[in-house]
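Coordinates in review
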Amino acid sequence: MSKTLVQIISDTLKARKGERLTGNQLATTIVRENEKWAEQKKQKSKNPIIKDGGFDEMKAQVQSEIGSNRPAIEKHPHLRMTEDKPRRYYFTELSDEEEIFAVENEPPGNTEGAYSEHDLYPILAKYLLESHAILGKRIDEKKSKNSQGKKGNQWLHPDLIGFQVLSEKWGQTITALVQARSDASSRLWSFEVKKLVNRSNLREVFFQTLSNSAWANFAYLVAAEISGKGTLDELRMLAGQHGVGVIILSTDPETESTIEIQARERVEVDWTAANRLAVENPDAKSVFEQVRIFHQAGSLNRDFWAK
């Protein structure tokens with residue numbers, strides 16, 4: 001066997017440039033397309049299950065070895081791994097900076113499966129509602145007045161504001177008690193959405209999220225893909241310092257979105273920062289108006305949140 005497994009991984013993914021393969025898919029492809037290599041590997045194996053087994057046994061062995069070769073894969077100049085579950089592998093000749101530029105400037109529909117950042121908003125809203133009972137509303141920064149001048153509103157707008165009603169299923173006694181104590185019966189969430197986060201943009205997008213979302217009870221950076229060695233570890237360090245959480249948003253119906261890093265709750269909303277957002281942006285003003293109506297009248301306008 002002249003080639004190492006990492007070289008075979010590179011060749012396999014290079015032939016499928018642009019595709020993301022899970023460890024299972026990658027192992028399956030490698031064994032199918034490298035029959036002689038797999039047979040030699042099988043014959044040299046000291047594991048009787050592998051030596052006497054068939055395709056499935058060899059595939060499982062290769063998949064395990066892909067995982068154990070993670071350090072070598074991370075050092076390869078053109079191989080990347082995502083941080084979602086299951087982890088996916090892909091080949092690119094772009095640098096981290098070039099990859100971010102390509103992703104952010106790729107026209108929707110340019111390639112099969114391509115999507116824009118705006119395509120992620122309804123996916124996020126659906127996930128929040130179904131998994132966490134959070135009502136999400138898009139905040140369109142293009143509607144802002146920009147009264148602060150050029151770049152005066154930079155990093156002011158989150159992509160979505162979430163409203164979580166805690167008291168919807170409470171009885172009258174507990175609802176009245178909470179009101180009397182001035183305890184919270186709802187929470188506000190704020191979300192900044194990105195297609196890709198890697199080492200080249202992680203600090204920028206993290207602090208953008210901190211700037212436009214830290215006023216809320218919970219602030220989250222949402223990414224459809226997180227890739228690169230140490231990216232998630234760096235995000236965990238920053239999250240520990242500043243309390244911003246991270247969600248990996250799945251665009252594949254067969255995989256689930258996950259809260260990868262829990263946000264730290266801010267007990268009190270920063271209403272000064274919320275007012276700054278509401279004054280500039282009508283979408284944000286409408287959200288806060290609906291929150292006011294709920295707390296004053298106890299009624300929730302679900303039609304507003306559904307649009």
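Just above sits the structure.
Now for a quick tour of the structure. Remember, predicted model here, so these are calculated numbers, not experimental data.

1. Quick look at the sheet that holds strand β3 (residues 88-91)
- Taking strand neighbours across the sheet as the criterion, the 3 strands line up as β1-β3-β2 in an open arrangement whose pairing is antiparallel. The strands lining the two open edges of the sheet, one partner per strand, are β1 (21-22) and β2 (79-81).
- One ladder, built from 3 bridges, connects β2 with β3; its direction is antiparallel. When the sheet's bridge partners are listed, Leu-79 is paired in β3 with Phe-91.

2. Section: the pairing of strand β7 (residues 218-226)
- Extensive coverage of β7 is indicated by the burial of 9 of its 9 residues.
- As paired strands, strand β6 (residues 186-197) and β7 are joined by 8 bridges and run parallel to one another. Paired with Glu-192 across the two strands is Leu-221, which belongs to β7.
- The β-α-β motif built from β6, the intervening helix α10 (residues 202-213) and the parallel element β7 has right-handed crossover chirality.
- Pairing geometry for β7 and strand β8 (residues 245-248), over 4 bridges, is parallel. Residue Ala-223 lies in a different strand from β8, and its bridge partner there is Ile-248.
- The handedness of the β7 to β8 crossover, carried by helix α11 (residues 231-242), is right-handed.

3. Remarks on the pairing of strand β5 (residues 160-165)
- Across the 6 residues that make up β5, a large majority, 6, are buried.
- With burial as the criterion, each face of β5 is covered, one bearing Leu-160, Gly-162 and Gln-164 and the other bearing Ile-161, Phe-163 and Val-165.
- Here strand β4 (residues 134-138) pairs with β5 via 5 bridges, running antiparallel. Paired with Gly-136 across the bridge in β5 is Gly-162.

4. Quick look at the environment of Asn-217
- On the secondary structure map, Asn-217 appears in the loop between α10 and β7.
- Counting along the chain gives 55 residues from Asn-217 to Gly-162, while the straight-line C-alpha distance between them is 10.0 Å.
- For Asn-217, the side chain forms a polar contact with the main-chain oxygen of Val-267, separated by 3.4 Å.

5. Observations regarding the pattern of salt bridges
- Counting across every chain of the model gives 26 salt bridges.
- Across the pair Asp-11 and Lys-3 runs a salt bridge whose closest N-O atoms are separated by 2.5 Å.
- Under the relative-accessibility criterion, Asp-11 is labelled partly exposed at 37%.
- On the accessibility criterion, Lys-3 (43% relative accessible area) is partly exposed.
- Arg-20 is the partner of Glu-99 in a salt bridge, and the nearest nitrogen-oxygen pair spans 3.9 Å.

6. Side note on unusual backbone geometry
- With an omega dihedral of 0°, the bond running from Lys-85 to Pro-86 counts as a cis peptide bond.
- Looking at the element boundaries, Pro-86 is found in the loop between β2 and β3.
- Phi is positive for Ala-133, which is not a glycine, with a value near 55°.
- Looking at where Ala-133 falls in the secondary structure, it is placed in the loop between α8 (117-132) and β4.
- With a phi close to 60°, Trp-155 is a non-glycine residue in the positive phi region.
- Mapped onto the secondary structure, Trp-155 falls in the loop between β4 and β5.
- For Trp-155, a relative accessible area of 30% gives the class partly exposed.

Parameters and conventions
Residues numbered from 1 in each chain as written. Predicted model: local features only at pLDDT ≥ 70, side-chain atom pairs only at ≥ 80, totals over all residues. Heavy atoms only, no water. Pairing = 2+ DSSP bridges. Helix = DSSP H or I, 4+ residues; strand = E, 2+ residues; numbered from the N terminus. Buried < 20%, exposed > 50% of the residue type's maximum accessible area, 1.4 Å probe, protein only. Right-handed = clockwise from strand over helix to strand, strands pointing away. Polar contact = N/O pair within 3.5 Å; in protein donor to acceptor, adjacent residues only side chain to side chain. Salt bridge = Lys/Arg side-chain N within 4 Å of Asp/Glu carboxyl O.

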